[in-house]
Amino acid sequence: MDEIRVKGGTPLRGTVGVLGAKNAVLKEMAAMLLAPGRYVLSNVPGIFDVELMADVLRHTGAYCDLTKHELSVSVPKELVPEAPIDLVRQMRASIVILGPLLARCGEARVALPGGDDLGARPIDYHLDAFEKMGATFTLEHGVLVGKVEGRMTGTEVELPFPSVGATENVLLAASLADGDTTIVNAAREPEIVDIARMLNEMGANISGEGSAIIHVRGVEELHPADHRVVSDRLEAGTYAMAGAISGGDVTVTGCNPDDLRMELRKLEDSGCEVERGEGWLRVVGVERPSATDFSTLPFPGFHTDMQPQMVAYLATADGTSVITENLYDARFRYIGELSRMGADITIEWQHAIIRGVERLSGAPVLAHDIRAGAALVLAGLRADGETVVGDPHHIDRGYEDFVPKLASLGADISRSAG
Ligand code: UD1
């Protein structure tokens, strides 16, 4: 069986670089469906989800060529407007092609994603917005069939919650809609700013991205553009926390520290020293961190995708930390695995109460999702003896060369293929 083995106790030291953001590049690939022609994306991470999204694009008729950190895509004039269940099930983010397909083709057949390892994950905000823009939907044997007569129409979309995916899907469709669209209570994530930047490079007319109200003036036609993907704050944050949990001294390059403000602040609250510069950050850990509380929230709050890594770190803090998870009902599933390593954590509804222990003990554990997998490896860096993380393919969905990068910082880590 494929597994990652990590022996704890070595403080990580050195510099590690990060690539483009998974959560931007997948949507930027979907944006390409809005106009035929040839695109080149650079700073593309070599991760499994990019390969899956390339398969989603290929299914529509696009040609994709992924070389080291560069993705070339040729989008044809006629598209097959569908995403089949085998692809959607593997990667829920493929739902983001719904907006571009409806806007460009007037129809879309996209398998309903359903839930995943993080819980229910509905798409009602996406569908409500598209209905307001003139689309109608039917559900046929698990496939969502959307249709639009003529062009989609610009409108005001009020999101009940600043959903990242719904903001992006509406942004993509609104760029080609007839008239103006205003997204109220929009998500403000840096990845959304980057997607809007790419759309504007393609000839869209978007303003207000990065704020809670985004305006889109629909245009009749877009054109291809080349684009460099914004850096991955989650990859950067994970290596920052690897430095912290091991009591080491790690510098991360190719990142924007402002995109990790709350996460770095919490590391500081726990006793770490954090330095920030243009395109880099440095974290110097302490022997034993102090407990600190946090709640996951939309940007600029503490990112839910950094929660498992931070919980792993606080598992050995001095004192009790209270964590509130506001995004996903099943996000704490990995805590059972951390408990196998000796963590003392109680779950009360959406709260995790972490009573810091002095040591973790290496054990065989299973990665349930990308970030849970990363968190368990990080816990292994701190634990006595050997931790064996099974199902590491989840980690490959979001991190390129996770094991070699940690090894380059001095971690005693290896991966064996089954
Ligand atoms: C994206 C990220 C994911 C991150 C999340 C929150 C990608 C590929 N994934 O996911 O890594 O954890 O943002 O930062 O970019 N909701 C509804 N109805 C909807 C849409 C969302 O109720 O139609 C709820 C969700 O269940 C969740 C919350 O809104 O509780 C936020 O979800 P959302 O921001 O949409 O997350 P994703 O875009 O799926």
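Structure first, text after, so check above.
### Things to note about the pairing of strand E17 (residues 280-284)
Thinking step 1. Bridging between strand E15 (residues 249-253) and E17 involves five bridges; their strand directions are antiparallel. Paired with Asp-249 across the two strands is Val-284, which belongs to E17.
Thinking step 2. As paired strands, strand E16 (residues 273-277) and E17 are joined by five bridges and run antiparallel to one another. What sits directly across from Arg-276, in E17, is Leu-281.
Thinking step 3. From the end of E16 to the start of E17, which pair antiparallel, there are two residues, and Gly-279 there has a positive phi angle of about 80 degrees.

### What to know about the site of the ligand
Thinking step 1. Not every one of the 19 residues close to the ligand is listed here, only the nearest: Asp-124, Ser-163, Val-164, Asp-305 and Leu-327.
Thinking step 2. Take Asp-124: an N or O atom from its side chain is 2.7 Å from a nitrogen atom of the ligand.
Thinking step 3. Within the backbone of Leu-327, a nitrogen or oxygen atom sits 2.5 Å from an oxygen atom of the ligand.
Thinking step 4. Within the complex, the protein chains bury 86% of what would otherwise be the 740 Å² of accessible surface of the ligand.
Thinking step 5. Breaking the shell around the ligand down by element, the ones donating at least two residues are helix H1 (22-31), helix H5 (124-132) and helix H6 (164-175).
Thinking step 6. Per-element tally for the shell around the ligand: the top contributor is H5, with three residues.
Thinking step 7. Residues that form the shell around the ligand fall into these classes: eight nonpolar, six polar and five charged.

### Re the side chain of Thr-387
Thinking step 1. Considering the arrangement of structural elements, one finds Thr-387 in strand E23 (residues 386-390).
Thinking step 2. Residue Thr-387 is classed as buried on the basis of its relative accessible area of 0%.
Thinking step 3. When near neighbours in sequence (up to four residues on either side) are disregarded, Thr-387 contacts Ile-4, Arg-5, Val-6, Met-341, Gly-362, Ala-363, Val-365, Leu-376 and Gly-380.

### What about the packing of aromatic side chains?
Thinking step 1. In the structure shown here, the tally under the stated rule is three aromatic pairs.
Thinking step 2. Considering the side-chain rings of Tyr-239 and Phe-402, the 5.9 Å spacing of their centres and the 40 degrees angle between planes classify their relative orientation as tilted. Within this pair, whereas Tyr-239 is found in helix H8 (residues 233-245), its partner Phe-402 is found in helix H14 (residues 402-408), the two being separated by 163 residues in sequence.
Thinking step 3. Since its relative accessible area comes to 0%, Tyr-239 is described here as buried.
Thinking step 4. On the basis of relative accessible area, Phe-402 is assigned to the buried category, the value being 4%.
Thinking step 5. Grouped by ring-pair contacts, the aromatic residues Tyr-239, Tyr-399 and Phe-402 constitute a single cluster.

What counts, and where the lines are drawn
- Residues numbered from 1 in each chain as written.
- Predicted model: local features only at pLDDT ≥ 70, side-chain atom pairs only at ≥ 80, totals over all residues.
- Heavy atoms only, no water.
- Pairing = 2+ DSSP bridges.
- Helix = DSSP H or I, 4+ residues; strand = E, 2+ residues; numbered from the N terminus.
- Near = heavy atom within 4 Å.
- Polar contact = N/O pair within 3.5 Å; in protein donor to acceptor, adjacent residues only side chain to side chain.
- Areas by Shrake-Rupley, 256 points an atom, 1.4 Å probe, with all protein chains shown as cover.
- Nonpolar A, V, L, I, M, F, W, Y, C, P; charged D, E, K, R; others polar.
- Buried < 20%, exposed > 50% of the residue type's maximum accessible area, 1.4 Å probe, protein only.
- Contact = heavy atoms within 4.5 Å.
- Phe/Tyr/Trp six-rings, centres within 6.5 Å; stacked < 30°, edge-to-face > 60°.

Keep in mind that these numbers describe shape and distance, not what the molecule does.
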